[in-house]
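# Structural characterization, general
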Amino acid sequence: MRKLFEALYHVLLTLWVGGLWAIGYLAVPVLFASLDDRQLAGIVAGKLFALIGWIGLACAAYLLLFLAWRWRRVVFGRAVWWLVLGMAVLTAVGLFGIQPLMVQLKADAWPYDVMESALRGRFAAWHGVSSALYLLQSLLGLWLVGWSGRGLRD
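Residues numbered from 1 in each chain as written. Predicted model: local features only at pLDDT ≥ 70, side-chain atom pairs only at ≥ 80, totals over all residues. Heavy atoms only, no water.

## Some words on the packing of aromatic side chains
Note the cut-off: Aromatic contacts are taken between Phe, Tyr and Trp rings whose centres are within 6.5 Å, Trp giving its six-membered ring; a plane angle under 30 degrees counts as stacked, one over 60 as edge-to-face, and the others as tilted. Helix and strand assignments come from DSSP, with helices taken as H or I runs of at least 4 residues and strands as E runs of at least 2, each series counted from the N terminus. Any Lys NZ or Arg CZ found within 6 Å of a ring centre and within 35 degrees of that ring's normal is scored as a charge over the ring.
Following the criterion strictly, the structure yields eleven aromatic pairs and no others. Look at Trp54 and Phe96: their rings are 5.4 Å apart centre to centre, the planes differ by 80°, and that puts the pair in the edge-to-face class. Highlighted residues: Trp54 in helix α2 (residues 38–71) and Phe96 in helix α3 (residues 79–109), separated in sequence by 42 residues. Here the aromatic rings of Phe76 and Trp81 are separated by 5.5 Å at their centres, their planes lie at 85°, and the arrangement is edge-to-face. Counting every residue linked through ring pairs, the aromatic cluster contains Phe5, Tyr9, Tyr62, Phe66 and Trp69. Directly above the aromatic system of Trp71 lies the positively charged group of Arg78, at a separation of 4.3 Å from the ring centroid.

## Section: the side chain of Asp113
Selection rule: Relative accessibility under 20% of the residue-type maximum defines a buried residue, over 50% an exposed one, and the middle range a partly exposed one, all with a 1.4 Å probe and only protein chains included. When charges are counted, Lys and Arg are positive and Asp and Glu negative, with His and the chain ends excluded. What makes a salt bridge here is a side-chain nitrogen of Lys or Arg within 4 Å of a carboxyl oxygen of Asp or Glu, nothing more. The term polar contact refers here to a pair of N or O atoms within 3.5 Å; inside protein, the definition further demands a hydrogen-donor-capable atom paired with an acceptor-capable atom, and it admits residues adjacent in sequence only when both atoms are side-chain atoms.
Mapped onto the secondary structure, Asp113 falls in the loop between α3 and α4 (120–151). Buried charged residue Asp113 carries no salt bridge. Nearest counter-charge: Lys106, at 7.2 Å. Reaching out from Asp113, the side chain makes a polar contact with the backbone nitrogen of Met115 at a distance of 3.0 Å.

## Brief notes about the packing of helix α1 (residues 2–34) against α3
Note the following rule: Between N-to-C directions, angles cover 0 to 180 degrees, with each direction set by a line fitted to C-alpha atoms, over the stretch in contact for helices. When describing relative orientation, an angle under 35 degrees is termed roughly parallel and one over 145 degrees roughly antiparallel, while 65 to 115 degrees is termed roughly perpendicular and anything else oblique. Two helices crossing with the near one rotated counterclockwise from the far one by less than a right angle form a left-handed crossing, whereas a clockwise rotation gives a right-handed crossing. Here, residues are in contact when the closest pair of their heavy atoms is within 4.5 Å. Classes in brief: Ala, Val, Leu, Ile, Met, Phe, Trp, Tyr, Cys and Pro nonpolar; Asp, Glu, Lys and Arg charged; the others, Gly included, polar.
Running from amino to carboxyl end, α1 crosses α3 at an angle of 45°, the nearest separation of the two axes being 13 Å. Regarding the angle of α1 to α3, the classification is oblique. Every pair of crossing elements has a handedness; the one defined by α1 and α3 is left-handed. On α3, the residues touching Tyr9, Trp16, Val17 and Leu20 of α1 are Val80, Val84, Met87, Ala88 and Thr91. Among the residues making up the contact of α1 with α3, the classes are represented as eight nonpolar, one polar and no charged.

## Comments concerning the nonpolar core
Proteins that are soluble and globular tend to have nonpolar side chains buried together. As a reminder, the rule being used: Residues grouped as a nonpolar core are buried Ala, Val, Leu, Ile, Met, Phe, Trp, Tyr and Cys residues, joined through side-chain atoms within 4.5 Å.
Tyr9, Trp16, Leu63, Leu67, Val84, Met87 and Leu144 are the most contacted members of the largest nonpolar core, which totals 32 residues. Of all the elements in the fold, those that place two or more residues in this core are α1, α2, α3 and α4. Sorting elements by how many residues they give to this core places α2 first, with eleven residues.

## Quick look at the side chain of Ser138
Positionally, Ser138 belongs in helix α4. Note on Ser138: relative accessible area 0%, which makes it buried. Discounting residues that sit within four places of it in the chain, Ser138 has contacts with Leu20, Trp21 and Tyr25.

## Details of the environment of Phe5
Topologically, Phe5 is positioned in helix α1. Separated by 22 residues in sequence, Phe5 and Ala27 place their C-alpha atoms 30 Å apart. Here Phe5 is in contact with Tyr62, Phe66 and Trp69, once residues within four sequence places are set aside.

Structural data, given as structure tokens:
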């Protein structure tokens, strides 16, 4: 049974981190490069980021439970635990903090596009914060994937 739980750990880690990279650095840039309507591209990108956020939280829940089950009390001394927890916190901040704020800024700018309104500066600043946190999360995920074999050794 342990092998099955460990295999699921690797599959979910791959899903989460692969999804971060595929959406953030492949799908979203293609959206903005392909669609003439930047507002539509932004709406679709926001939905993709929300989707990978929920996937990330679900994966993080399993990964953290698996690590806690595997190492019991010593889990807090393991770097892999803190990496997963850090990624989960960054995901939650983006999903429940920054994304709703950006949606509200877009709604407040209506009937104009937020980038053509007086709220452009605030939106751009929060977009920059969101992008920086996403990059940090992506790099932590890359580190975690590269370290996944060593990180689970007893």
